[in-house]
Number of protein chains: 2
Amino acid sequence: MKRNVLVGQSGGPTAVINGSLYGVVRAGLESPETGNVIGMINGIEGFLNGRQMDMAPLAENGELEKIRTTPGSYLGSCRYKLPEDLTDPVYPELFQKFEENQIGYFFYIGGNDSMDTVSKLSRYAADHGSDIRIIGVPKTIDNDLVETDHTPGFGSAAKYVASTVREIAIDASVYDNKPSVTIVEIMGRHAGWLTAASALARKFEGDNPVLIYLPETAFDTEKFLDSLRRKLETTRNLVVCISEGINDGNGTFICELASDVGVDSFGHKMLTGSGKYLENLVKEKLGIKVRSVELNVCQRCSSSCLSATDLREAVNAGSQAVWAALAGETGKMTTFRRTSDVPYTLEYGTADVTGICNKEKAVPAEWITCDGSDVSPEFLTYARPLIQGEVDVPMKDGLPDFAFRH
Amino acid sequence: MKRNVLVGQSGGPTAVINGSLYGVVRAGLESPETGNVIGMINGIEGFLNGRQMDMAPLAENGELEKIRTTPGSYLGSCRYKLPEDLTDPVYPELFQKFEENQIGYFFYIGGNDSMDTVSKLSRYAADHGSDIRIIGVPKTIDNDLVETDHTPGFGSAAKYVASTVREIAIDASVYDNKPSVTIVEIMGRHAGWLTAASALARKFEGDNPVLIYLPETAFDTEKFLDSLRRKLETTRNLVVCISEGINDGNGTFICELASDVGVDSFGHKMLTGSGKYLENLVKEKLGIKVRSVELNVCQRCSSSCLSATDLREAVNAGSQAVWAALAGETGKMTTFRRTSDVPYTLEYGTADVTGICNKEKAVPAEWITCDGSDVSPEFLTYARPLIQGEVDVPMKDGLPDFAFRH
């Protein structure tokens, strides 16, 4: 008897997480060895509550093709963490549900926490003689998973960040007879990969963004102000990119410096971003025009800057996971191994998921300049292939035509 | 002797203000009746300081084509207001410079304040027997100029807002098992046209954004909270769009309610946006997950959602201005007159600029629902044609290839 494929999405959305869903579903439907493909709605949490859907009809009515270029999690997501204790009753409950649904293959598309789910389920399966094959498919705009050259989702987010920073730099320079500072806050609490990608926006040496700060290096406000003063001598309209997670190196986020004192109308501490904090600081100390822009959720959900490379790899990460499971692998995550920068070539593989979950890959120190205010050419060589190529998103009546669950 | 064309840009940037520059330059260079085309750098303020450039070489080296799809003001902008008193010495100084440069035709691309410049210069010219023909070319994402169906810049900004709100709604609904409110703050201090455009994001009746608030209607926080509570009964993940300029109807902006009490680390009043204020309010009063997103400058400088209709009309607004001047008109602004919604057809014309400057066109009351929390179908019929069609921006190495002054 052919056994079914179960697939779910977990964690924050990206522009291409549905590309990986497409890859899993397509490979699952095409394989002669598998039965139905079932989607978990809102991840493992929804599945536990009986929320699931049959994916085959989507391939027939054209919806699956639309899913490929729709941002966000088509199946819905969750932030459900399985218990550390593998003797918890949720495990037999889950595997009972797997059996009821005749599941032979389980795929979970997500970041760090989702790989933790994959690790626990595969360890439980091994301990209890279950032959269900359990594979993780990486996704995160943060690009912080170990054992893989990069993660699907990063390339499109990096393209969005670089394009948008290039446009913000234009916007900031229209009154180029007056000095100004524009601070762009980019996602990344612990890893600065996405903020580093803003360096791709430069058209020539010395172009904006002239200063880039990552959470990997301790942020010193005095040194920051000194750098601004110096850079303003040669660039009138400075653009500075910072990670939301910049910190003083001793565990205090820069944004926390502000919330110590700001109090809102309800008497609550006013939580502000690092960008807003630095905007106020620069206004106070330099007395020039300053603005902060938080790229916010758009950097992870925009379909307008999809990288063709990223989307292709996201789809492949999904189908490779299915093929690895069919070949007998379990407890693994699809990985990318880069074999050349120019021309850019990639090999797909798998790695033990237990060695991946709960670890974070930071931007290497040697890719950050020694004053901590820029990235090195090596980073650009690494990142540039990942943003190549454009994707035509289907349009209808002037707007992107996205798939959605009815 | 053929006389030269002088062109400048003023006010805030849009995605297509350079489309109008392209239109003026192209028409000026192609006309057998005109000489050189000269660009004012940083508008009339820069021109007064001798900052100008010859535009003809750009047509020869391919740069002009790139300018067409580059957001922001290629020539740079200014916020310089000419004195009300036409006997001020700046006027003869300017006209002296016009004469030195053998200017016969003056074009100024901008919004309200720029039309004020066009009005003053043309009145001065009339009073002093100057035969220089002076024409304004409209641009503003705010869409608030009178005497024209709409303004170049609005369509692309509307397309950006509608696309982005649709994507934010996807992002907000990935954890659709938990209720949430996402507040999107959109530009527009006095006119709500751009915020109204967020209604185009809906895919079906009742889809997000479920609530839309414009500055044209008094905003009542209690009624707002009631509406949220009611809408949350049927939509778990609400998206609410608000204009930055929502106000209580008595001259107090909603964002000012917050700055009354918030104090930052420097002891300054903490200026926060209306979105952030409402985020805190909803958190306090409803106790559910809430987030605010400020679209910020991206809505006026992004090239990723250029409307082909808007760009075409922006180019035409520029060339029409040149043709009107050649036909003897002065003291006018290019205008659009819509002759049909479906199929969408437009006629170009001109109107007296003195009747346009210093006026603001609000969204008509009959296009706003009576509870002030939505727009009517008439608005959608009006706005939809303006976002139609996509533009392929030239790409290089994975990013948009923009023109810039070296």
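Residues numbered from 1 in each chain as written. Chains lettered and ligands numbered in written order. Predicted model: local features only at pLDDT ≥ 70, side-chain atom pairs only at ≥ 80, totals over all residues. Heavy atoms only, no water.

Trainee: Go over the overall build of chain A with me, naming the residues and quoting the values.
Mentor: The secondary structure content of chain A amounts to 14 helices and 13 strands. Relative to a compact globule of 406 residues, whose C-alpha radius of gyration would be 22 Å, chain A shows 23 Å and is just as compact. Along the longest, intermediate and shortest principal axes, the C-alpha atoms of chain A span 75 × 45 × 40 Å. For chain A, the residues scored as buried account for 63% of the 406 residues in total. At a minimum sequence separation of 6, the contacts of chain A that also span at least 24 residues come to 76%. Roughly 14800 Å² of accessible area belongs to chain A as shown, and the carbon and sulfur atoms make up 47% of that amount. Between the averaged position of the 40 positive side-chain charges in chain A and that of its 55 negative side-chain charges there is a distance of 4 Å. (Helix = DSSP H or I, 4+ residues; strand = E, 2+ residues; numbered from the N terminus. Rg over C-alpha atoms; globule rule 2.2 N^0.38 Å. Buried < 20%, exposed > 50% of the residue type's maximum accessible area, 1.4 Å probe, protein only. Contact = heavy atoms within 4.5 Å. Areas by Shrake-Rupley, 256 points an atom, 1.4 Å probe, with all protein chains shown as cover. Lys, Arg positive; Asp, Glu negative; His and termini not counted. Charge placed at Lys NZ, Arg CZ, Asp CG, Glu CD.)

Trainee: Pulling in residues and values, what's your account of the packing of helix α9 (residues 221-232) of chain A against helix α11 (residues 274-286) of chain A?
Mentor: Residue and element names in this part refer to chain A. In the contact formed by α9 and α11, the axes pass within 11 Å of each other and the chain directions differ by 65°. Remark: the crossing between α9 and α11 carries right-handed chirality. Along its contact with α9, which presents Thr221, Phe224, Leu225, Leu228, Arg229 and Leu232, the element α11 presents Leu278, Leu281, Val282, Lys285 and Leu286. Split into classes, the residues belonging to the contact of α9 with α11 amount to eight nonpolar, one polar and two charged. (Axes fitted to C-alpha atoms, helices over the stretch in contact; angles between N-to-C directions. Left-handed = near helix turned anticlockwise from the far one by under 90°. Nonpolar A, V, L, I, M, F, W, Y, C, P; charged D, E, K, R; others polar.)

Trainee: Which residues make up the sheet that holds strand β6 (residues 180-186) of chain A, and what are the values?
Mentor: Residue and element names in this part refer to chain A. The strand order across the open sheet formed by four strands is β7-β8-β6-β9, and the pairing between neighbours is parallel. Looking at which strands have only one partner, the edges of the open sheet turn out to be β7 (211-213) and β9 (289-294). Averaged over neighbouring strand pairs, the angle between their axes works out to 15° when direction is ignored. Relative to β9, β6 runs parallel, the two being bridged by six bridges. Directly across from Val184, in β9, lies its bridge partner Val293. Against the sheet, α11 engages β6, β8 (237-243) and β9, with an angle of about 165° to β6. (Pairing = 2+ DSSP bridges.)

Trainee: Could you give an account of the packing of helix α1 (residues 17-30) of chain A against helix α13 (residues 308-326) of chain A, naming the residues involved and the relevant values?
Mentor: All names here are of chain A. The geometry of α1 relative to α13 is characterised by a closest axis approach of 7 Å and an angle of 40° between their N-to-C directions. When the axis of α1 is compared with that of α13, the two are oblique. Crossing of α1 against α13: the hand is right-handed. Of the residues in α13, those touching α1 at Gly19, Ser20, Tyr22, Gly23, Val24, Ala27 and Gly28 are Leu311, Ala314, Val315, Ala317, Gly318, Ser319, Val322 and Trp323. For the contact of α1 with α13, the residue count by class is nine nonpolar, six polar and no charged. (Parallel < 35°, antiparallel > 145°, perpendicular 65-115°, else oblique.)

Trainee: Let's hear about helix α5 (residues 90-100) of chain A: which residues, and what values?
Mentor: All names here are of chain A. For α5, every residue scored as buried is listed here: Val90, Tyr91, Leu94, Phe95 and Phe98. For α5, the angular spread of the buried residues around the axis is 130°, confining them to a single face. Exposed residues pointing more than 90 degrees away from the buried face of α5 are listed as Glu99 and Glu100. In this fold, the buried residues of α5 make contact with β1 (3-9), α2 (43-48), β4 (103-110), α6 (112-127) and β5 (133-138). The first or second residue beyond α5 is Gln102, which carries a positive phi of 50°. (Arc of directions from axis to C-beta.)

Trainee: Explain the interface of chain B and chain A residue by residue, including any values.
Mentor: With 75 residues of chain B in contact, the opposing surface of chain A contributes 75 residues. In this assembly, chain B packs against chain A so that about 5900 Å² is buried in total across both faces, 58% of it on carbon and sulfur atoms. Applying the counting criterion to the chain B and chain A interface returns six salt bridges. Between Asp171 of chain B and Arg300 of chain A there is a salt bridge; the shortest N-O distance is 2.8 Å. Our enumeration of links across chain B and chain A arrives at 27 residue pairs in polar contact (both at pLDDT 80 or more). Going through the elements one at a time, α7 (154-172), α10 (254-259), α11 (274-286), β9 (289-294), α12 (298-301) and β13 (399-400) of chain B are the ones with two or more residues in the side of chain B that touches chain A. Counting residues per element, the side of chain B that touches chain A draws most heavily on α7 of chain B, at 10 residues. (Buried area = accessible area lost by both parts, 1.4 Å probe. Salt bridge = Lys/Arg side-chain N within 4 Å of Asp/Glu carboxyl O. Polar contact = N/O pair within 3.5 Å; in protein donor to acceptor, adjacent residues only side chain to side chain.)

Trainee: Give me the relation of the copies chain B and chain A: which residues, what numbers.
Mentor: For the pair of chain copies, the relating operation is a rotation around an axis with a shift along it. Structural alignment of chain B on chain A gives an RMSD of 0.0 Å, achieved by rotating through 180° and translating 0.0 Å along the axis. On this basis, the relationship between the two copies can be described by a two-fold rotation axis. The share of interface residues of chain B whose copies in chain A are also at the interface is 100%, consistent with both copies meeting through the same surface. (Least-squares fit on C-alpha atoms with pLDDT ≥ 70 in both.)

Trainee: Explain the nonpolar core residue by residue, including any values.
Mentor: Of all hydrophobic cores here, the largest spans 128 residues; its most connected members are Val7, Leu21, Phe107, Leu194 and Phe379 of chain A together with Leu194 and Phe379 of chain B. The greatest single-element share of this core, amounting to 11 residues, is contributed by α7 of chain B. Core analysis: the next-biggest nonpolar cluster, separate from the first, contains 41 residues, Val7, Leu58, Ala314 and Ala324 of chain B among them. (Core = buried A, V, L, I, M, F, W, Y, C linked by side-chain atoms within 4.5 Å.)

Trainee: Explain the state of the cysteines to me, and be specific about the residues and the numbers.
Mentor: Such a bond, covalent and formed between the sulfur atoms of two cysteines, is termed a disulfide. By the definition in use, this model includes zero disulfides over all chains. The cysteine Cys255 of chain A is free of any disulfide, with Cys241 of chain A supplying the nearest cysteine sulfur at 17 Å. As a non-bridged cysteine, Cys305 of chain A has Cys305 of chain B as the owner of its nearest cysteine sulfur, 8.1 Å distant. (Disulfide = S-S within 2.5 Å.)

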